[in-house]
Every structure is written in C-alpha cells, then in structure tokens.
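# Breakdown of the fold
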Amino acid sequence: MTTTYKPVTLHRGKEESLKRFHPWVFSGAIANADPSIEEGDLVSVYTSTGTLLGNGHSQVGSIAVRMLTFDDTAIDEAFYRQRLLDAFKVRQSLGLLRDDNNAFRLVHGEGDFLPGLVVDIYGHTAVLQAHSPGMHFARHTIAHALTQLPGSLVQNVYYKSETTLPYKAHLDPVNEYIVGDFDTDVAMENGLLFHVDWLKGQKTGFFVDQRENRKLVERYAAGRRVLNMFCYTGGFSFYALRGGAVAVDSVDSSAKAVSLTNANVELNFPGDTRHRAFAEDAFKYLDAMQVGTYDLIVLDPPAFAKHKSALRNALVGYRRLNARAFEKIAPGGILFTFSCSQAVNKEQFRLAVFSAAAQSGRRVRILHQLTQPADHPINIYHPEGEYLKGLVLYVE
Ligand code: SAH
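Residues numbered from 1 in each chain as written. Predicted model: local features only at pLDDT ≥ 70, side-chain atom pairs only at ≥ 80, totals over all residues. Heavy atoms only, no water.

Under the domain assignment, the chain is made up of domain 1 (6–67), domain 2 (77–189) and domain 3 (207–395). Computed from C-alpha coordinates alone, the two centres of domain 1 and domain 2 are separated by 26 Å. Taken together, the contact between domain 1 and domain 2 spans eight residues of the former and 12 residues of the latter. When residues of domain 1 are sorted by the area they lose upon contact with domain 2, E39, H57 and R66 head the list and together hold 59% of the total. Counting every contact that joins domain 1 to domain 2 gives one salt bridge. One salt bridge in this structure joins E110 and R66, with 3.4 Å as the shortest N-O distance. Applying the counting rule to domain 1 against domain 2 returns two residue pairs in polar contact (both at pLDDT 80 or more). (Domains from an automatic or database assignment. Contact = heavy atoms within 4.5 Å. Buried area = accessible area lost by both parts, 1.4 Å probe. Salt bridge = Lys/Arg side-chain N within 4 Å of Asp/Glu carboxyl O. Polar contact = N/O pair within 3.5 Å; in protein donor to acceptor, adjacent residues only side chain to side chain.)

Attention now moves to unusual backbone geometry. Despite not being glycine, D172 shows a phi value in the positive range, around 40°. Topologically, D172 is positioned in the loop between β10 (156–159) and β11 (176–179). Look at D172 and you get exposed, because its relative accessible area is 63%. (Helix = DSSP H or I, 4+ residues; strand = E, 2+ residues; numbered from the N terminus. Buried < 20%, exposed > 50% of the residue type's maximum accessible area, 1.4 Å probe, protein only.)

For the ligand, the set of nearby residues contains 15 residues, the closest of which are F230, D252, D281, A282 and D300. For the ligand, a nitrogen atom lies 3.0 Å from a polar atom in the backbone of F230. Coverage of the ligand by the protein amounts to 87% of the 580 Å² it exposes when considered alone. (Near = heavy atom within 4 Å. Areas by Shrake-Rupley, 256 points an atom, 1.4 Å probe, with all protein chains shown as cover.)

Taken N-terminus to C-terminus, the directions of helix α5 (residues 211–220) and helix α6 (residues 235–242) make an angle of 35°; their axes are 8 Å apart at the nearest point. The chirality of how α5 crosses α6 is right-handed. Listed contacts from α6 to R211, N213, R214, K215, V217 and E218 of α5 are G235, F236, Y239, A240 and R242. Class assignment of the residues belonging to the contact of α5 with α6 gives a composition of four nonpolar, two polar and five charged. (Axes fitted to C-alpha atoms, helices over the stretch in contact; angles between N-to-C directions. Left-handed = near helix turned anticlockwise from the far one by under 90°. Nonpolar A, V, L, I, M, F, W, Y, C, P; charged D, E, K, R; others polar.)

At a closest axis distance of 8 Å, the pairing of helix α9 (residues 311–328) and helix α10 (residues 346–360) adopts a crossing angle of 40°. For the element pair α9 / α10, the angle class is oblique. Between α9 and α10 lies a crossing whose hand is right-handed. Along its contact with α9, which presents L311, L315, Y318, R319, N322, A323, F326 and E327, the element α10 presents Q348, F349, A352, V353, S355, A356, A357, Q359 and S360. For the contact of α9 with α10, the class distribution of residues is 10 nonpolar, five polar and two charged. (Parallel < 35°, antiparallel > 145°, perpendicular 65-115°, else oblique.)

What follows concerns the packing of aromatic side chains. Scanning the model with the defined rule gives 14 aromatic pairs in all. Centroid distance F21 to F70: 5.3 Å. Interplanar angle 85°. Geometry classified as edge-to-face. Of the two residues, F21 sits in the loop between α1 (16–19) and β2 (24–26) while F70 sits in the loop between β6 (63–67) and α2 (77–93), which places them 49 residues apart along the sequence. With relative accessibility at 36%, the residue F21 sits in the partly exposed group. (Phe/Tyr/Trp six-rings, centres within 6.5 Å; stacked < 30°, edge-to-face > 60°.)

Glancing now at the side chain of R91. Following the sequence through the fold, R91 ends up in helix α2. Given the relative accessible area of 0%, R91 is considered buried. For R91, the side chain forms a polar contact with the main-chain oxygen of D375, separated by 3.0 Å. Excluding anything up to four places from it in sequence, R91 contacts L96, L97, F104, R105, L106, V107, H108, D112, D375 and P377.

Glancing now at the side chain of N55. Relative to the assigned elements, N55 resides in strand β5 (residues 52–58). In this structure N55 comes out as buried when scored by relative accessible area, which is 0%. A polar contact of 2.7 Å, which involves the side chain of N55, links it to the side chain of S44. When neighbours within four sequence positions are excluded, N55 is seen to be in contact with T3, Y5, V43, S44, M67, L68, T69, D71, D72, T73 and I75.

Spelled out as structure tokens, the structure:
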C-alpha cells in the first residue's frame, strides 16, 4: 500500500541529507508545514519542487521529523512487522538466540531503520522504549507486530518510556505491560543468569550492550584481582568470576545496584566468597584504595556528556577518573575503560585516556579497541548512532 500524509516541504537544497538517507529533518530545513500537524503525526516530506522524499514522524524540537521511509510506503502494522522481522533476522544471523543466550537488543533505533524505537528482549519478554512521540502513539501496533515474530519469541511486551520521551510533549506515558504479563525476570547471557528489573531498573533493566566486552573481561580474569567500578547489575563481575578471578570487588554509588549485583552473583555462584560489593562513590573509593590492590580494573561510568554542551566537563571527568586507575593499578595490570557518551567521539575519549596515562608516567599499551556489539548496529547513513567506546590497556 502506498500512502502520503500531511505535507512538510523543505527549503531549496535542504533535501541533500535525506537523499543520502540520513533519517533526521532539522526544523531549520522546513519551509512549510501543514498547520494541522501535531506532534507524533505521520508526515510526508517533499523537496521545494514537490518531489516526495519519504514519510516519517513529526516532533517538536530541533529534530522536526524522523524519517521511517524514503518512499511512499505506508507506516502501518505491515510496515512495523517487516522492519521487526528484518531486525530479527540480523540477530538470528548473529547467533544471539541460543539455549544459553536469550538477552539481546532487537531494535536499535536508527540502526534498525526505526528512529525513536528501542526494543530489548529478555527471554519471552520485550521491553519497548519510545524516544519519540510518534513511536509512543504506535506502541500498540508495534507490540502486536512483535508478537508475530517467528517462534513465539515475544509473548509479553512491557512498555517503559516514562523517562525517554520528551517531557514537553506532555504524553504522560505509563510504564506497563501492554501485551501479556510478568513471567520471569531471569534472563541469560552467554550462559550466565541475571535478574532484569525492567520495572524499576535503568534503561530497559540491563545493559545488553556490554555483552561482548564482558566476555573479553572473562578471558583476562584468570588469577587476577578485579575491580568492577560502576557495576550496576554486576555483569562484568560474574563474567570475571567465571573466568577464574581470585577476587572480584564491585562498586556502585547506588545501594540498589549493589544489591542487584549481589543477587546476580548469588544466582550464578552461590556462596562464592571471592566476591564483595560496596555502595560507594567511585572517586572516593579510588582515592582511598591502596596502590596495587587490583590487577584488572573495569571503568564503565554513566554518560558524562548527555549533550554536546557538556563535552568539556565530560572530557575532564574521563581524564580524572582514568588517571586514578593508572595511578593505582598493579604492574602488569589490565584496564578496561569505557565511555557511553554519544557526544564524545572515539578520538576525544582516547585523548582523555592518553592524557591520564601520561600524567601517571606509566608505560601503557592499547591491547583492544572496543565498541558496541552488532545487535546495536550503526546505520551507515547515520554515524551519530555510534556511542559506546572502550579501550583495553596493559599498564606496566
Ligand atoms: N557496567 C554496568 C553499567 C554501568 S551504568 C553494566 O555492565 O551493566 C553506570 C552505573 O554507574 C550506574 O549503576 C550508576 O548507579 C553508577 N554511578 C553513577 N555515578 C557514580 C559514582 N559517582 N560512583 C559510583 N557509581 C556511580
């Protein structure tokens, strides 16, 4: 079916990025918009000479339209079903649906050609997050389309957008099951179990984006004393335990995160005395820590820069944090250091870490350069989708 929606016409020459399939229309590019358009409406975008560029969701703000198609395809349930099936096939070809793995990201916004939508899968539950009003209005259609995926993969859909929608849109989303109900909150990643608190936890309840990087920590853990700083639900800790670490300390400023970590360690390694968890501020902990206490340190802080305006302070933050680790890690130690700030690029992050290393005066080698896993794909026309950066460093 082909359909056109309320029209939006661009200024002359402003169609170039759309012709290269970049999915955002900035408000400054718009010459004319149908006055009846409301936030979240489906719109058709035209060049100044009246050629249709595609259809998308309208939004109030600097990004005025998020493009869903670059032709006249209708945005209906069949559309969502097809895009979800495409996303599913990618995850299937990545080998993420296995007996020992049932947690992964099914939809990563622009990376899956569905700007404004995130879907994480935990067993038979999909946690659906709308980042745009358009996706909020489409939530029931999307939820129904999710249940049509092969193998009855999705049986429950939990909608969780209380904190992800622009508050100015006054949509007052309620976090709730929109299909099915609670079945289990235990999911599995690479054979390790964890509770997912999608009701109250951060993001969709677990950071699925560190799966591959946790596996790498497992490889380096044997015989090492490990510090997992900013542990949240303890992902890096239980991989380190499986990898044969002699001791693992998990630290997070949130007491809730510490109890989640303890529960997850208990789920996999009941009664294991190698693990301890502390609710403490990272900087306080690192300052008080003796030199040489740990041979492997993971630093996975929250995004220091949520916006470009916070970039300078964020870079100072990364430098200060990493400097502490370089000063204190045992000789021959391995440092896993990350940034999930989209506003900080790979080079800027590397420079911050480089400055921290130089400040410590130690010899440091880069062993690995890490990124987000393949179930968080980057749309080649939307480089802004790259956000997770990591370095694995050998510190003499
Ligand atoms: N590494 C985790 C994800 C980390 S999310 C994983 O693999 O799942 C970032 C965490 O940092 C959150 O749990 C948050 O509570 C914690 N945090 C934020 N500020 C902190 C601080 N100043 N000191 C210690 N932890 C902090």
